[in-house]
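# Topology and contacts: notes
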Amino acid sequence: MKLTLDEPAVFKDGISILSDIITESTIEATEDGLEVEAMDPANVSKVTFTIPKDAFSTYDVDDEAEIAINFNNLQKILRRLNKNDTLVLERQENKLKLIYKGSNTKTYYVPLIDLEDRSQSLKDLDAEVNVSMPGKLLSEAIDDVDVVSESVKFTAEPGKLTISAEGDMSRADVELTESEDVTIKTDGTQTSRYSIEYLKNMIQARKICDEVTVRFSQNYPIMLDYDKEDSASMNFILAPRVDNI
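The following refers to the structure shown. The shown structure was predicted, so the numbers you read here are calculated from the model rather than taken from an experiment. Each chain has its residues counted from 1, running along the sequence as written. Given that the model is predicted, a residue must reach a pLDDT of at least 70 before its local features are reported, and side-chain atom pairs must reach 80 or more before they are shown or counted; all residues, however, enter totals for whole chains, interfaces and linings. The side-chain quantities take in all heavy atoms of the structure and omit both hydrogens and water.

A separate point is the packing of helix α1 (residues 9-19) against helix α2 (residues 71-78). Angles here are taken between N-to-C directions and fall from 0 to 180 degrees, while the axes themselves are lines fitted to C-alpha atoms, restricted in helices to the stretch in contact. Every helix listed is a DSSP run of H or I at least four residues long, and every strand listed is a run of E at least two residues long, numbered separately from the N terminus. Between α1 and α2, the shortest axis-to-axis distance is 9 Å and the interhelical angle comes to 140°. Crossing handedness for the pair α1 and α2: left-handed. Packed against α1, whose contacting residues are F11, K12, I15, S16, L18 and S19, the element α2 presents F71, N72, L74, Q75 and L78 at the interface. Classes in brief: Ala, Val, Leu, Ile, Met, Phe, Trp, Tyr, Cys and Pro nonpolar; Asp, Glu, Lys and Arg charged; the others, Gly included, polar. Of the residues belonging to the contact of α1 with α2, the class tally is six nonpolar, four polar and one charged. In a left-handed crossing the near helix is turned counterclockwise from the far helix by less than a right angle, and in a right-handed crossing that turn is clockwise. Should any heavy atoms of two residues lie within 4.5 Å, those residues are considered in contact.

All right, on to the pattern of salt bridges then. Two side chains with opposite charge may pair up if their charged atoms get near one another. Only one rule defines a salt bridge in this text: a Lys or Arg side-chain nitrogen within 4 Å of an Asp or Glu carboxyl oxygen. Here the structure, examined in full by the defined rule, presents six salt bridges. Residue K200 pairs with D146 through a salt bridge whose shortest N-O separation is 2.9 Å. Linking K200 in helix α4 (residues 196-202) with D146 in helix α3 (residues 135-146), this pair joins segments that are 54 residues apart in sequence. A salt bridge links K160 to E175; its shortest N-O distance comes to 3.8 Å. Of this pair, K160 sits in strand β12 (residues 160-166) while E175 is found in strand β13 (residues 171-177), placing the two residues 15 residues apart along the sequence. A simple rule labels every residue: compare its accessible area, found with a 1.4 Å probe on the protein chains alone, to the largest value its type can have, and call it buried under 20%, exposed over 50%, or partly exposed in between. Look at K160 and you get partly exposed, because its relative accessible area is 23%. By relative accessible area, which is 52% here, E175 ends up exposed. A network of salt bridges, in which partner residues are shared, links E157, K160 and E175.

Below, the structure written as structure tokens:
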């Protein structure tokens, strides 16, 4: 296996976001591209990160290759990757070899691990609410209500999405209405609550894509889709906190 990324920032950012959610998982190199699909240790969220084959200047994979790796270890190594470097990924026996080619050439070896298959208990679901918006708007809304509570409530109604949080004495509401930048599709009112801690990690995916699609239903998981055509995508599913509604 040999993969080359001339613009590796998307890989570096994606692994950084993954390492905040999951500890270890398998990276798969398939005929379509590179993919990571994993549950967090608490089985509360699921994340899928993909880079299509066409994003690589070299994509040499004989058969589907699987690399089980600790993402914290990989993320530490990727901190030394400069934005103008070319990144080469190779599998060498029980290690992942990373070559950074820039003003100089640096080579790192990250050990592979044995990893048992984990069942993916959160599956993609049909949603009653579909909201498209700039990722910056969602990030700012989550930051605005984070000062009040550990959980956030999403309430959608025709033409409006309200993101709110309520603590012992404080409350915060952020209202987003339909506009040129925000599209809200729902037939009726839908409400669900989620962990801010998880969402704060997930919304970092705006580094991957400027736009986000938010999908959810009453007391159902929320799905965040950051898809940038021909570059990369990060998709999240987060279980609701129905006990707090």
